[in-house]
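Report on the structure
The chain contents come next:
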Amino acid sequence: MKILFTGGGTGGHFYPIIAVAQKINELIKEKKLIDVELYYMSDAPYNERLLFENNITFKEVKTGKARKYFSFLNVLDFFKTIVAAIVATAQVYVLYPDVIFSKGGYASFPALFAAR
């Protein structure tokens, strides 16, 4: 079984994912499940140590960010998001997870677009 976690670039998105992954790891040990793989797809790993400790493989997809104020970067990030959606679609297709768990945020959009 493959489980893909995705969430945006803050601790408010990342740490609930880690809590869910820790519970899944407990169930894996308790039920003696084999062949369970956990993945985290985002634009940055946020905390590589926690990913490693919870046996989560990081998949990077650089995506754009929508700002609530006017910025030229919003124009560039629009195209960055389109490219990220295409890259994420390829990665999700190759990974072919059984479950995708999203905690939201701009970095989760490409993976959720690919899942849809």
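Residues numbered from 1 in each chain as written. Predicted model: local features only at pLDDT ≥ 70, side-chain atom pairs only at ≥ 80, totals over all residues. Heavy atoms only, no water.

Turning next to the overall build of the protein. On a plain count of helices and strands, the protein comes out with 4 helices and 4 strands. Reading the protein from its N terminus to its C terminus gives the helix and strand order β-α-β-α-β-α-β-α. Across its three principal directions, the C-alpha atoms of the protein cover 50 × 25 × 20 Å. Looking at the protein residue by residue over its 116 residues, the buried ones come to 38%. Counting contacts in the protein only where the partners sit at least 6 residues apart, residues at least 24 apart contribute 62% of the total. Element-wise, carbon and sulfur atoms account for 63% of the exposed surface of the protein, whose accessible area totals about 7,400 Å². (Helix = DSSP H or I, 4+ residues; strand = E, 2+ residues; numbered from the N terminus. Buried < 20%, exposed > 50% of the residue type's maximum accessible area, 1.4 Å probe, protein only. Contact = heavy atoms within 4.5 Å. Areas by Shrake-Rupley, 256 points an atom, 1.4 Å probe, with all protein chains shown as cover.)

Counting across every chain of the model gives 5 salt bridges. Salt-bridge contacts for Glu30 lead to Lys31; the nearest nitrogen and oxygen are separated by 3.9 Å. For Glu30, a relative accessible area of 56% gives the class exposed. Judged by relative accessible area, Lys31 falls into the exposed class, the value being 53%. The residue Glu53 makes a salt bridge to Arg49 at a minimum N-O spacing of 2.7 Å. Linking Glu53 with Arg49, this pair stays in helix 2 (residues 48-53), spanning 4 residues, or about one helical turn. (Salt bridge = Lys/Arg side-chain N within 4 Å of Asp/Glu carboxyl O.)

Time to look at the packing of aromatic side chains. Counting across every chain of the model gives 8 aromatic pairs. Seen from their ring centres, Phe14 and Tyr15 are 5.5 Å apart, and the 80° between their planes marks the pair as edge-to-face. Its relative accessible area of 0% is what places Phe14 among the buried residues. Ring geometry for Phe109 versus Phe113: centroids 5.9 Å apart, planes at 35°, classification tilted. Of this pair, Phe109 and Phe113 both sit in helix 4 (residues 109-115), 4 residues apart, which is roughly one turn of the helix. Here Phe109 falls in the partly exposed class, since its relative accessible area comes to 41%. In this structure Phe113 comes out as partly exposed when scored by relative accessible area, which is 47%. Members of the aromatic cluster, joined through ring pairs, are Phe14, Tyr15, Tyr40, Tyr46 and Phe58. (Phe/Tyr/Trp six-rings, centres within 6.5 Å; stacked < 30°, edge-to-face > 60°.)

The values reported here are purely geometric and, on their own, carry no functional implication.
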